[in-house]
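Geometric and topological summary
The chain contents come next:
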Amino acid sequence: YFEPHTHDACFCQLSGRIDECTCNIDTVDHFNNVKVYPRLRSLLLKDYFRFFKANLKRECPFWHDDSKCAMRYCHVQACGDGDVPVGIKGTAKLKKEEKEEDTCGGSDKELDYLNKTISAKMKKDLVMWTKYDDANDNFCVVDENDEDAEYVDLLLNPERFTGYKGSSANRIWNSIYLENCFRPKSYYSLYIPSSKLNSMCLEERVYYRAISGLHTSINIHLCANYLLSHSNGLSLTDPKGEWGPSLVEFERRFSPETTNGEGPNWLRNLYFIYLLELRALAKAAPYLEQETFYTGNEAEDFDTQMAVKDLLNIAKQFPNHFDETTMFTGSAQAARLKHEFKEHFLNVTRIMDCVGCDKCKLWGKLQTKGLGTALKILFSQKFNQKKLFQLQREEIVALFNAFGRLSTSIYKLDNFREMLEH
Ligand SMILES: Cc1cc2nc3c(=O)[nH]c(=O)nc-3n(C[C@H](O)[C@H](O)[C@H](O)COP(=O)(O)OP(=O)(O)OC[C@H]3O[C@@H](n4cnc5c(N)ncnc54)[C@H](O)[C@@H]3O)c2cc1C
């Protein structure tokens, strides 16, 4: 127990129970910082997890945006041909070939096995229905099969301060919150104050808290890896950047004084989204334990499998998991709510194509895809029909890396807490 420091305003309200969950902030702090964070940190260095394929060139479907970020820190270095392990490229190629085969009406092993007597036309319809079904299950736009999609080495392009701000960045966050049309009826302002949340139903609150938690995590990362040399006279375009935590930036973004009292609530939402993704990992453990994490390097793939199993065991042991079974239950209205929930979230993933800074777009895409994958695990009807449930490589990579971001944010919060105490 310690006396709250007078400057500790961001943290003194950050205690007690996490909203919509049954456990406390300090339980999660300990569990994450001691058990989860060190494991994830080494797991995410593995080749399987460090290469992520995304299309950063797709046009924004909502508005014309030419405010491309010119700062060197916004730039993403795509992988060269020889950089990506053949095993990873190979699995993507195989998937592409399979896809081409079945759009041409070629053989589909499962369907062949099911029924040899159906006509070619019926078979084609079945393939289409299966695809429609899969798409129906998704909370994200799939873009790794696009011509323009490229592999990026996440370790060479770390999430950190880029200088992306102003009207372009604000427009993205505004649109994301506007996409949350589950707003209190009489509330027209963009940002929902926490005092209004109680008038919303559980599903609506969960949606809002998850988005707000993601926003918090992104902003903690830019505070924890801030461009310190900028304040020493170096410009944003100077190659000699020096990066580290900025307490001033952190307090500006999260202290009650500068955020109308909301900062600590935004920090609480980080814990909420953390528990949501932790539950998804634990729920998907039986599925993920069967994965080969294939890159073509036998020894490394074995290590990756062992490290994933170890992490999943920790996740399964967490005693107070988020309980998704209380959501979308019962009436026809619940089914409609679930449909809307999915549609809104799909749009959030589309909005990522409008982000005007490539580095932010990359991490934005990865983290929304990771959250979307977690939602798919928690709410897809197919999840219980073991044979039908599937995750693509990019979904698995996104899920673990997105959870890695949240875990790092909680860990970094501890650093800021310590800095404030001294
Ligand atoms: C997808 C995406 C990824 C980004 N990635 C990066 C990055 O990697 N590096 C980088 O330097 N910048 C990144 N940015 C920009 C960064 O998030 C901020 O938008 C920018 O620093 C400007 O900050 P701001 O003070 O105007 O407030 P913003 O963070 O833009 O927030 C706008 C408004 O939202 C409200 N708000 C703030 N936080 C929360 C919350 N947690 N919950 C609810 N409401 C909130 C506040 O009222 C605030 O004024 C990213 C932006 C987006 C949209």
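Keep in mind it's a predicted model, so treat the numbers as computed, not measured.

Counting secondary structure elements, the protein contains 15 helices and four strands. Expressed as a percentage of the 422 residues in the protein, the buried residues total 35%. Sequence-distant contacts, at least 24 apart, represent 79% of the contacts inside the protein between residues at least 6 apart.

Below, the discussion takes up the site of the ligand. Taken together, the neighbourhood of the ligand is formed by 22 residues, with Ala169, Ser212, Trp266, Cys360 and Gly364 sitting nearest. Within the residue set of the shell around the ligand, elements represented by two or more residues are helix H7 (166-178), helix H8 (202-224) and helix H14 (358-379). Among the elements that line the shell around the ligand, the one with the most residues is H8, at six residues. Classifying every residue of the shell around the ligand gives twelve nonpolar, seven polar and three charged.

With that settled, the discussion passes to the UniProt feature "binding site: FAD" (unreviewed entry) in the protein. UniProt's feature table lists "binding site: FAD" (unreviewed entry) at Arg160, Thr162, Trp173, Ser212, His215 and Arg253, given in the numbering used throughout. With respect to the helices, strands and loops of the structure, Trp173 is situated in helix H7. With respect to the helices and strands, Arg253 occurs in helix H9 (residues 247-254). Not counting residues within four places of it along the chain, the set of residues in contact with Arg253 comprises Asn219, Cys223 and Gly263.

This part is about helix H13 (residues 332-351). Between the first and last C-alpha of H13 there are 29 Å, a value that for 20 residues agrees with the 28 Å anticipated at 1.5 Å per step. Among the residues of H13, those classed as buried are Phe341, Lys342, Phe345, Val348, Thr349 and Ile351. Contact partners of the buried residues in H13: H7, H8 and H14.

We now examine the UniProt feature "active site" (unreviewed entry) in the protein. Here, the residues flagged by UniProt with the feature "active site" (unreviewed entry) are Cys357 and Cys360. Note on placement: Cys360 falls in helix H14. A count of 24 C-beta atoms within 10 Å places Cys360 in the buried class. Among residues more than four places away in sequence, those in contact with Cys360 are Thr162, Tyr164 and Val355.

Let's shift gears to unusual backbone geometry. In the Ramachandran plot, Phe293 falls in the positive-phi region, its phi being about 50° despite a non-glycine side chain. The topology assignment puts Phe293 in the loop between helix H11 (285-288) and helix H12 (298-317). Residue Phe293 is classed as buried on the basis of its 22 C-beta neighbours within 10 Å. Of note, the phi angle at Phe328 is positive, near 55°, even though the residue is not glycine. Along the chain, the position of Phe328 falls in the loop between H12 and H13.

Core analysis: the largest hydrophobic core is formed by 91 residues, its most contacted members being Phe52, Ala210, Ile273, Tyr274, Leu275, Leu276 and Ala374. Take this core: its biggest share by element is 13 residues, from helix H10 (residues 263-283). Leave out the neighbours within four places in its chain, and Tyr274 touches Val28, Leu406 and Ile410.

Turning next to the packing of H8 against helix H15 (residues 393-421). Contact pair H8 / H15: the axes reach a minimum separation of 9 Å and the direction vectors enclose 55°. Between H8 and H15, the crossing angle belongs to the class labelled oblique. The two elements H8 and H15 meet at a crossing, and its hand is left-handed. Facing H8, whose interface residues are Ser217, Ile220, His221 and Ala224, H15 presents Arg405, Leu406, Ser409, Lys412 and Leu413. Classifying every residue of the contact of H8 with H15 gives four nonpolar, three polar and two charged.

Parameters at a glance
Residues numbered from 1 in each chain as written. Predicted model: local features only at pLDDT ≥ 70, side-chain atom pairs only at ≥ 80, totals over all residues. Helix = DSSP H or I, 4+ residues; strand = E, 2+ residues; numbered from the N terminus. Buried ≥ 20, exposed ≤ 12 C-beta atoms within 10 Å, placed from the backbone. Contact = placed C-beta atoms within 7 Å. Near = placed C-beta within 6 Å. Nonpolar A, V, L, I, M, F, W, Y, C, P; charged D, E, K, R; others polar. UniProt positions renumbered as here; feature names shortened; annotations may be inferred. Expected span 1.5 Å × (residues − 1). Core = buried A, V, L, I, M, F, W, Y, C linked by C-beta atoms within 7 Å. Axes fitted to C-alpha atoms, helices over the stretch in contact; angles between N-to-C directions. Parallel < 35°, antiparallel > 145°, perpendicular 65-115°, else oblique. Left-handed = near helix turned anticlockwise from the far one by under 90°.

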